[in-house]
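# A look at the structure
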Amino acid sequence: MKFKRIIISTIFILTIFSLFVSAVYADYSGYFLKGFADGFNKGLQMGMQIKQKKEMKWKTEQLEELEKIFEQWEFFSDRVQKLVESEQMTPDLGKNSWF
């Protein structure tokens, strides 16, 4: 019962605080709904910007990993090419005879 009162009072206090912040954000013009809507829109815009930054960071990390894979593949293909040119390795060397 005590826990329920704490939760209800916390919600009530946060609601009053948000109303106060919205009223202050409305630049004292008295248009509560305008201030509330502007604050809500700004919050959504900030959320979208954060999401876009996270997505850009993820894309950058994926590109870096892809570049590493290409570097490894280039090293591997150069090494194989050198082995083939020096006749230490033939294209038939990797084939299994039992297939």
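Above this text is the structure in question.
What this report covers is the structure whose coordinates are included nearby.

Cut-off values and rules
- Residues numbered from 1 in each chain as written.
- Predicted model: local features only at pLDDT ≥ 70, side-chain atom pairs only at ≥ 80, totals over all residues.
- Heavy atoms only, no water.
- Helix = DSSP H or I, 4+ residues; strand = E, 2+ residues; numbered from the N terminus.
- Buried < 20%, exposed > 50% of the residue type's maximum accessible area, 1.4 Å probe, protein only.
- Areas by Shrake-Rupley, 256 points an atom, 1.4 Å probe, with all protein chains shown as cover.
- Patch = residues over 30% accessible without salt bridge, like charges linked within 9 Å, V, L, I, M, F, W, Y side chains within 5 Å.
- Salt bridge = Lys/Arg side-chain N within 4 Å of Asp/Glu carboxyl O.
- Lys, Arg positive; Asp, Glu negative; His and termini not counted.
- Charge placed at Lys NZ, Arg CZ, Asp CG, Glu CD.

## A word on the overall build of the protein chain
- Regarding its fold elements, the protein chain presents 2 helices and 0 strands.
- Here the protein chain holds 99 residues, and 4% of them are scored as buried.
- Accessible surface, the protein chain: about 9,800 Å² in total, of which carbon and sulfur atoms supply 65%.

## Some remarks on a nonpolar patch on the surface
- Taken together, Leu63, Leu66, Ile69 and Phe70 make up a surface patch of nonpolar side chains, about 400 Å² in accessible area.
- One can find leucine 66 in helix α2 (residues 32-85).
- For leucine 66, a relative accessible area of 38% corresponds to the partly exposed category.

## So, the pattern of salt bridges
- For the structure shown, the criterion picks out 1 salt bridge.
- A salt bridge links glutamate 55 to lysine 59; its shortest N-O distance comes to 3.4 Å. With a gap of 4 residues between them, glutamate 55 and lysine 59 both fall in helix α2, about one helical turn apart.
- Overall, the relative accessible area of 40% leaves glutamate 55 in the partly exposed class.

## Focus on a negative patch on the surface
- Taken together, the side chains of Glu61, Glu64, Glu65, Glu67, Glu71, Glu74 and Asp78 make up a negatively charged region of the molecular surface.
- Its location among the elements puts glutamate 67 in helix α2.

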